Amino acid sequence: EGRVVFDDVRFHYDPDRPILKGVSFEAEPGQTIAIVGPSGAGKSTISRLMFRFYEPQGGRITIDGQNILDVTQASLRAAIGMVPQDTVLFNDTIGYNIRYGRWDASDAEVREAAGLAQIDDFIRSVPGGYEAQVGERGLKLSGGEKQRVAIARTILKGPPILILDEATSALDSFTEHEIQEALRRVAKGRTTLVIAHRLSTVVEADEILFLDHGRIVERGRHAELLERG
Ligand code: ADP
Ligand code: ADP
């Protein structure tokens with residue numbers, strides 16, 4: 001469950017300026033597909049289309065064979081988890097931020113998600129632990145810590161499809177490495193689309209799509225793309 005197909009998807013915000021000029025790819029459950037390309041290539045547009053923030057003018061996007069235009073936005077949000085580039089947390093407790101969207105989760109499930117996101121030790125080390133307030137008047141979290149809270153939230157929510165929007169770009173390389181590891185655990189068994197600016201961050205993807213000027217100009221595994229230059 002969670003098979004994503006883009007079939008000749010065409011999209012523009014402005015008719016004079018096509019953004020996607022016929023983009024096709026398939027992502028199977030368990031696979032990680034990376035979309036790489038320069039800034040402005042249309043990568044984030046692909047994730048906006050998946051959430052139906054916009055509709056394509058041509059082609060179609062299906063999830064498990066169903067055109068997403070026939071699916072409610074609410075069920076798309078349930079099916080797709082997103083770890084965005086800049087995570088904004090609620091001014092509430094760490095626990096609230098992890099539980100958000102899964103209010104029925106047990107404490108054990110919350111702790112397990114935090115452990116998989118590699119933030120459990122940190123949370124236990126702060127006064128108040130899961131009850132510690134975050135935000136302006138409370139605990140100030142680093143970019144990496146915020147992102148791990150967001151990853152824990154996504155793990156807890158457990159959607160079949162994940163979109164990681166260059167999730168580690170703003171972090172130092174140690175944190176980046178740790179987060180990539182946490183993300184790999186989240187991605188297991190799910191359909192994962194990674195939106196990246198650099199080839200070096202998506203070495204392990206099953207397929208890399210290189211998007212340029214609205215078209216997929218190269219596709220293959222990391223080593224194959226390097227060989228071709
Ligand atoms: P990427 O994620 O690859 O950097 P985007 O998908 O964000 O690229 O954007 C692709 C192009 O579409 C860019 O040139 C951007 O300026 C343009 N664009 C993005 N959002 C809008 C919008 N709401 N209206 C008009 N143009 C937009
Ligand atoms: P939920 O109801 O599933 O807990 P939200 O309603 O807060 O989640 O958000 C729905 C989804 O849309 C989230 O996964 C969020 O990250 C994603 N989202 C928000 N803004 C954007 C955007 N500009 N582009 C792509 N996805 C976005």
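The name an unreviewed UniProt entry gives the protein chain is ABC transporter ATP-binding protein/permease, with Methylocystis iwaonis as the organism.

K.L.:
Teacher, can you tell me more about the sheet that holds strand β5 (residues 66-67) here?
P.N.:
In a beta sheet, neighbouring strands are held together by backbone hydrogen bonds and run either parallel or antiparallel to one another. Read from one edge of the open sheet, four strands run β2-β1-β4-β5, paired in antiparallel fashion. A single partner strand is all that each edge strand has here, and the edge strands are β2 (17-27) and β5. Helix-sheet contacts for helix α1 (residues 43-50) involve β1 (4-14), β2 and β4 (58-63), and the interaxial angle to β1 is about 110°.

K.L.:
Is there a simple way to think about the site of ligand 1 in this case?
P.N.:
With respect to spatial proximity, 13 residues lie near ligand 1, and among them Arg17, Gly40, Lys43, Ser44 and Thr45 are the closest. For ligand 1, an oxygen atom lies 2.9 Å from a polar atom in the backbone of glycine 42. For ligand 1, the protein covers 66% of the area, taking 570 Å² as the surface of the free molecule. Going through the elements one at a time, β2 and α1 are the ones with two or more residues in the shell around ligand 1.

K.L.:
Any chance you could explain the site of ligand 2 here in plain terms?
P.N.:
The full set of residues close to ligand 2 is Ser47, Arg48, Phe51, Phe53, Arg77, Met82, Tyr100 and Lys157. Here an oxygen atom of ligand 2 and a side-chain polar atom of arginine 77 are 3.1 Å apart. Residue lysine 157 places a side-chain N or O atom 2.7 Å away from an oxygen atom belonging to ligand 2. More than half of the atoms belonging to ligand 2 lie within 2 Å of the grid points that define the largest pocket. Looking at the shell around ligand 2 residue by residue, the classes come out as four nonpolar, one polar and three charged.

K.L.:
Just checking my understanding: could you explain the nonpolar core for this structure?
P.N.:
A general feature of soluble globular proteins is that nonpolar side chains tend to end up buried together. Core analysis: the biggest nonpolar cluster contains 34 residues, and Ala34, Ile98, Ile123, Ile151, Val202 and Ile208 have the highest contact counts within it. Elements with a minimum of two residues in this core: β3 (32-36), α3 (94-99), α4 (107-116), α6 (143-157), β7 (161-165), α7 (173-187) and β8 (191-196). If one sorts the elements of this core by residue count, α6 sits on top with five residues. Not counting chain neighbours up to four residues away, the residues in contact with isoleucine 151 comprise Val83, Ala117, Ile179, Leu183 and Val186. With 29 residues, the next largest nonpolar core counts Phe25, Ile33, Ala41 and Leu211 among its residues.

K.L.:
Is there a simple way to think about the pairing of strand β9 (residues 207-212) in this case?
P.N.:
Both faces of the sheet carry side chains from a regular strand, because those side chains alternate between them. Where β3 and β9 come together, four bridges link them in parallel fashion. Bridged to alanine 34 within β9 is isoleucine 208. Two strands pair when backbone bridges link them, and β9 and strand β10 (residues 215-220) are joined in this way by five bridges, in the antiparallel orientation. Pairing of leucine 209 across the sheet is with arginine 219, part of β10. Counted along the chain from β9 to the antiparallel partner β10, the turn is two residues long, and its residue histidine 213 has a positive phi close to 45°.

K.L.:
Can you help me understand the side chain of arginine 153 in this one?
P.N.:
Locating arginine 153 in the fold gives a position in helix α6. Buried within the structure, arginine 153 lacks any salt-bridge partner; its nearest side chain of opposite charge belongs to aspartate 92, at an N-O separation of 10 Å. Excluding residues that lie within four positions of it along the chain, arginine 153 makes contacts with Leu89, Phe90, Asn97, Ile98 and Tyr100.

K.L.:
Explain the sheet that holds β10 to me, please; I cannot follow it from the model alone.
P.N.:
Spatially, six strands are ordered β6-β7-β8-β3-β9-β10 in an open sheet, and the strand pairing comes out mixed. The strands lining the two open edges of the sheet, one partner per strand, are β6 (80-83) and β10. Sheet twist, expressed as the average angle between the axes of neighbouring strands with direction ignored, equals 20°. Bridging between β7 and β8 involves five bridges; their strand directions are parallel. Residue pairing across strands places isoleucine 161 opposite threonine 191, the latter belonging to β8. Packing against the sheet, α6 makes contact with β6 and β7, and its axis sits at approximately 170° to β6.

Conventions we followed
Residues numbered from 1 in each chain as written. Chains lettered and ligands numbered in written order. Predicted model: local features only at pLDDT ≥ 70, side-chain atom pairs only at ≥ 80, totals over all residues. Heavy atoms only, no water. Pairing = 2+ DSSP bridges. Helix = DSSP H or I, 4+ residues; strand = E, 2+ residues; numbered from the N terminus. Contact = heavy atoms within 4.5 Å. Axes fitted to C-alpha atoms, helices over the stretch in contact; angles between N-to-C directions. Near = heavy atom within 4 Å. Polar contact = N/O pair within 3.5 Å; in protein donor to acceptor, adjacent residues only side chain to side chain. Areas by Shrake-Rupley, 256 points an atom, 1.4 Å probe, with all protein chains shown as cover. 1 Å grid on protein atoms, 1.4 Å probe; cavity = no way out; pocket = protein on both sides within 12 Å on 5 of 7 lines; lining within 4 Å. Sits in = over half its atoms within 2 Å of the grid points. Nonpolar A, V, L, I, M, F, W, Y, C, P; charged D, E, K, R; others polar. Core = buried A, V, L, I, M, F, W, Y, C linked by side-chain atoms within 4.5 Å. Buried < 20%, exposed > 50% of the residue type's maximum accessible area, 1.4 Å probe, protein only. Lys, Arg positive; Asp, Glu negative; His and termini not counted. Salt bridge = Lys/Arg side-chain N within 4 Å of Asp/Glu carboxyl O.

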